[in-house]
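Chain by chain, the residues run as shown.
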Amino acid sequence: MSLATLGFVGVGRMGAPMTERLLAAGYGVVVYDKSPEAMSRMVGKGAEAEPSAKAVADRCEIVLASLPTPEILQAVLLGPDGVSSGSKVKTVIDVSTTGPKGAAVAAAGLAEKGIDWVDSPVSGGVKGAEAGTLAVMISCRPEK
């Protein structure tokens, strides 16, 4: 059985080591970052690069996001050429720490497009990401 190909948007200080862990576990990973250098480093580790968040979401049903602020997260997910414009994406897993207000905006915008949202901030910092010891939290909200 082959593993799913995952998308990963934001392969900087936190996202890069998480992507490396996914690659080491046998997943195919398609990446996008505004930094060509960050994408190039991940390609060197075995990932495939795309020119936009939308292009990642055109290829992958599951897209992870690791972005530094709620504003950047919302722009990358919901803005022009963002993840929510992708043709294949069904689920976004946000491993950023953007807070409940930012998460609510992102979740609502994705829901309008029929995309599931998993709010999953991590704790442990860059050292934890590099060591593979991050604590992953998942926020579950009952449907209203």
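Note that the structure is predicted; figures quoted are calculated from it, not measured. Note that residues are indexed from 1 along each chain, following the sequence as it is written. With the structure being a predicted model, the display of local features is reserved for residues of pLDDT at least 70 and the display and counting of side-chain atom pairs for 80 or more, all residues being used for whole-chain, interface and lining totals. As a rule here, side-chain values come from all non-hydrogen atoms in the structure, and water together with hydrogens is ignored.

Colleague: A description of the sheet that holds strand β2 (residues 28–32) should follow, citing residues and the corresponding values.
Modeller: Here, any two strands with at least 2 DSSP bridges between them count as paired. Every helix listed is a DSSP run of H or I at least four residues long, and every strand listed is a run of E at least two residues long, numbered separately from the N terminus. The six strands are arranged β3-β2-β1-β4-β5-β6 in an open sheet whose pairing can be described as parallel. Where the open sheet ends on each side, the last strands, each with one partner, are β3 (48–49) and β6 (116–119). Of the strand pairs in this sheet, β2 and β3 are connected by two bridges, and their pairing is parallel. Each residue of the ladder has a partner; that of V30, found in β3, is E48. Lying on the sheet, helix α5 (residues 99–111) is in contact with β5 (91–94) and β6; it crosses β6 at an angle near 160 degrees. Here, two residues are considered to be in contact whenever any of their heavy atoms come within 4.5 Å of each other. Each axis is a line fitted through C-alpha atoms, and for a helix only the stretch in contact is used; angles between axes span 0 to 180 degrees, taken between their N-to-C directions.

Colleague: Hey, could you go over the pattern of salt bridges for me, with residue numbers and the actual values?
Modeller: Note that side chains of opposite charge can pair when their charged atoms are close. Within this document, salt bridges are pairs made up of a side-chain nitrogen of Lys or Arg and a carboxyl oxygen of Asp or Glu, the two lying within 4 Å of each other. Scanning all chains against the criterion turns up four salt bridges. Measuring nitrogen to oxygen at the nearest pair gives 2.8 Å for the salt bridge that ties R59 to E48. With R59 in helix α3 (residues 53–59) and E48 in strand β3, the pair connects residues that are eleven residues apart, well separated along the chain. R59 is the partner of E50 in a salt bridge, and the nearest nitrogen-oxygen pair spans 2.9 Å. It is possible to trace a salt-bridge network through shared partners that takes in E48, E50 and R59.

Colleague: An account of the pairing of β6 is needed here, citing residue identities and associated values.
Modeller: The two faces of β6 differ: W117 and D119 on one face are buried, but D116 and V118 on the other face are not. Across four bridges, β5 lies against β6 in parallel orientation. When the sheet's bridge partners are listed, I93 is paired in β6 with V118. The parallel pair β5 and β6, bridged by α5, forms a crossover whose chirality is right-handed. For every residue, the accessible area (1.4 Å probe, protein chains only) is compared with the maximum for its type, and the residue is labelled buried under 20%, exposed over 50%, or partly exposed between those bounds. A right-handed crossover is one whose linking path, passing over the helix from the first strand to the second, runs clockwise when the strands point away from the viewer.

Colleague: Describe the packing of helix α4 (residues 70–78) against α5, with residues and values.
Modeller: Across the interface, α4 lies against α5 with an axial gap of 9 Å and an inter-helix angle of 5 degrees. What the angle tells us is that α4 and α5 run roughly parallel. Counted together, P70, L73, Q74, L77 and L78 of α4 and G102, V105, A106, G109 and L110 of α5 form the full contact between these two elements. Ten residue types, Ala, Val, Leu, Ile, Met, Phe, Trp, Tyr, Cys and Pro, are classed as nonpolar, four, Asp, Glu, Lys and Arg, as charged, and the remainder, Gly among them, as polar. Here the residues of the contact of α4 with α5 sort into seven nonpolar, three polar and no charged. Put simply, angles under 35 degrees are roughly parallel, angles over 145 are roughly antiparallel, angles from 65 to 115 are roughly perpendicular, and the rest are oblique.

Colleague: Describe the side chain of S66, with residues and values.
Modeller: Mapped onto the fold, S66 is located in the loop between β4 (62–65) and α4. In this structure S66 touches F8, V9, G10, M14, G15, M18, V95 and S96, once residues within four positions along its chain are discounted.

Colleague: Before we move on, could you go through helix α2 (residues 36–45) and cite the residues and values that matter?
Modeller: Three or more residues of α2 are buried, namely A38, M39 and M42. Mapping the buried residues of α2 onto a view down its axis gives an arc of 95 degrees, with all of them on the same face. Of the residues in α2, the exposed ones pointing more than 90 degrees away from the buried face are P36, E37 and G44. Against the buried residues of α2 lie α1 (15–24), β2 and β3. Count one or two residues on from α2 and you reach G46, which has phi positive near 120 degrees. Note that the arc is computed from the directions linking the helix axis to the C-beta atoms.

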